[in-house]
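Remarks on the overall topology
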Amino acid sequence: DLALRPPAPSASGGVATEPAAESAAATSDSGSAASESLHGGNTVPFYGRHQAGIATEPQAHVTYVSLTLLDHVDRAALTRLMRLLTDDAARLTQGRPALADSEPELGTAPARLTVTFGFGPGFIARAGGVAPDWLGPLPPFGIDRLDPAWAEGDLLIQVASDDALTRAHAIRMLLKDTRTFASVGWTQAGFRRARGTEQSGTTMRNLFGQVDGTVNLTPGTDDFDELVWCPDGWLAGGTSLVLRRIQMNLDTWDRLDRGGREQSVGRFLSNGAPLTGSGEHDEPDFTATTPIGFPVIPEFSHLARARSENAKERIFRRGYNYDETPLGGSVSNSGLLFASFQADVTAQFVPIQRRLDELDLLNEWTTPIGSSVFAVPPGCAEGGFVGETLLG
Ligand code: HEM
């Protein structure tokens, strides 16, 4: 029974079990149970050197929850809190209800549920630890219109699953355990295509219709290991998360023709190929010119500006779409939960964002409205807890 496959051992702590006949549903429209491939029972290992939910192939749904610690919470309380949350996450991600789960039936279909924790400066200060020098608000950028409502918190929980009901239940169980330690600052929910709509591994599309995530670090490669995981200190095996809430103005984007849309990024909308190629993963040719001498890929396109000549200035992007209630007579209130993981925010993320801030055609239709940075500790072994390298 595919739905009950046990979790496979994983070195990275992040690789999900895959049903063997996964593509069956994609080719059948009968809707009968026999032709469906169920994936509710799929699990991602919780324990490991790295936390799950980073190298894990992105699930369909995510919610980021930012918590603010209550005044009385000290180092000992933080240890209790992280032990409790680790236990919840270890159970729920493996399809076992949380302790004293009020709706245990909702805890049995993890659908690749992962729970990933990140620490803000406030958490690390209360733990008596030393924060990495890149932790804190990013330098200000000219394009920013930041709403303090989406600012840094003390503790971040990223909850992701292919099933939105599973995600909601997991968040509720986790928050019940944080109640006496912290209050919720904000939550930000995002989505990609439902699992089974496309072959897994297909690059996601954002709400501009663009193929988004083509050039990215690849989990399991040396590049990924070197550029994503922190090498030393209590963060060894951990990483950083930059989460930017970027509003995408679909209403003004609507006025741009298809050619203009493709020029703004430097890639075709049909399949994400560079304007100088035909396949999604073709290398862009920045030297190619049109018959009248203009670069085929505009110099100020997002592609040209986001790419660095310095191979160290690369990040792992793992973003999600958001779509909320339209405000003030507009038709949409949508955008990207831009999420990137990198070993060093200052050395890797900031130079890219600086270049995009100076010039990027895409800026015409996008506005960063929220920004936060978290230190993401390493994973733990069974019997341990996430955060033990800081609190232990
Ligand atoms: C590439 C969209 C914000 C960094 C791309 C691509 C698209 C895209 C369509 C081309 C396909 C790909 O390689 O993924 C967007 C949208 C954004 C946004 C809609 C905002 C709403 C950002 C931000 C950063 C960033 C804030 C980092 C500060 C990159 C990088 C690439 C890229 C590094 C790959 C460039 C290369 O080919 O080497 N983005 N992006 N993007 N983007 Fe963005």
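Structure: see above.
A short tour of the structure in this document, coming up. (Residues numbered from 1 in each chain as written. Predicted model: local features only at pLDDT ≥ 70, side-chain atom pairs only at ≥ 80, totals over all residues. Heavy atoms only, no water.)

**Observations concerning the site of the ligand**
As a reminder, the rule being used: We define proximity as follows: a residue is near a molecule or strand when any one of its heavy atoms falls within 4 Å of that partner. Here a polar contact means two N or O atoms within 3.5 Å. Within protein one must be a hydrogen donor candidate and the other an acceptor candidate, and residues neighboring in sequence count only if both atoms are side-chain atoms. In DSSP terms, a helix is any run of H or I states spanning at least four residues, a strand is any run of E spanning at least two, and both are numbered starting from the N terminus. The residue classification treats Ala, Val, Leu, Ile, Met, Phe, Trp, Tyr, Cys and Pro as nonpolar and Asp, Glu, Lys and Arg as charged. All others, Gly included, are polar.
Contacts to the ligand come from 24 residues, most closely from Gly213, Thr214, His302, Arg307 and Arg317. Between the ligand and Gly213 there is a distance of 2.6 Å, counted from an oxygen atom to a backbone nitrogen or oxygen. Taking His302, its side chain carries an N or O atom lying 2.8 Å from a nitrogen atom of the ligand. Mapped onto the shell around the ligand, the elements with two or more residues apiece are strand 5 (239-248), helix 8 (302-306), strand 8 (333-342) and helix 9 (345-358). The biggest single contributor to the shell around the ligand is helix 9, with 4 residues. Its residues assigned to classes, the shell around the ligand shows 13 nonpolar, 7 polar and 4 charged.

**Some thoughts on the nonpolar core**
One broad trend across soluble globular proteins is that nonpolar side chains are buried collectively. For the record, the criterion: For the purposes of this section, nonpolar cores are sets of buried Ala, Val, Leu, Ile, Met, Phe, Trp, Tyr and Cys residues that join through side-chain atoms within 4.5 Å. Using a 1.4 Å probe on the protein chains alone, a residue whose accessible area is under 20% of its type maximum counts as buried, one over 50% counts as exposed, and one in between counts as partly exposed. Here, two residues are considered to be in contact whenever any of their heavy atoms come within 4.5 Å of each other.
In terms of nonpolar packing, the biggest core is built from 63 residues, with Met82, Phe123, Leu155 and Ile157 touching the most fellow members. In contact with Ile157, not counting residues within four places along its chain, are Thr63, Tyr64, Val65, Leu67, Leu85, Val115, Thr116, Phe117 and Leu174. Counting 24 residues, the second-largest nonpolar core is a separate cluster that includes Ala55, Trp150, Phe224 and Leu337.

**Section: unusual backbone geometry**
Phi is positive for Ala100, close to 55°, though the residue is something other than glycine. With a phi angle near 50°, Ala111 is a residue other than glycine that sits in the positive phi range. Assignment of secondary structure puts Ala111 in the loop between helix 2 (75-93) and strand 2 (114-119). Take Ala111: its relative accessible area is 3%, and that puts it in the buried class.

**Thoughts on the pairing of strand 8**
Note the threshold: Here, a strand pair is defined by DSSP locating no fewer than two bridges between the strands.
A large share of strand 8 lies buried, amounting to 10 of its 10 residues. In this sheet, strand 8 lies alongside strand 5 in antiparallel orientation, the contact comprising 9 bridges. Counted as the bridge partner of Leu243 is Ala339 from strand 8. Here strand 7 (residues 320-324) runs beside strand 8; their pairing, made up of 5 bridges, is antiparallel. Counted as the bridge partner of Asn321 is Leu336 from strand 8.

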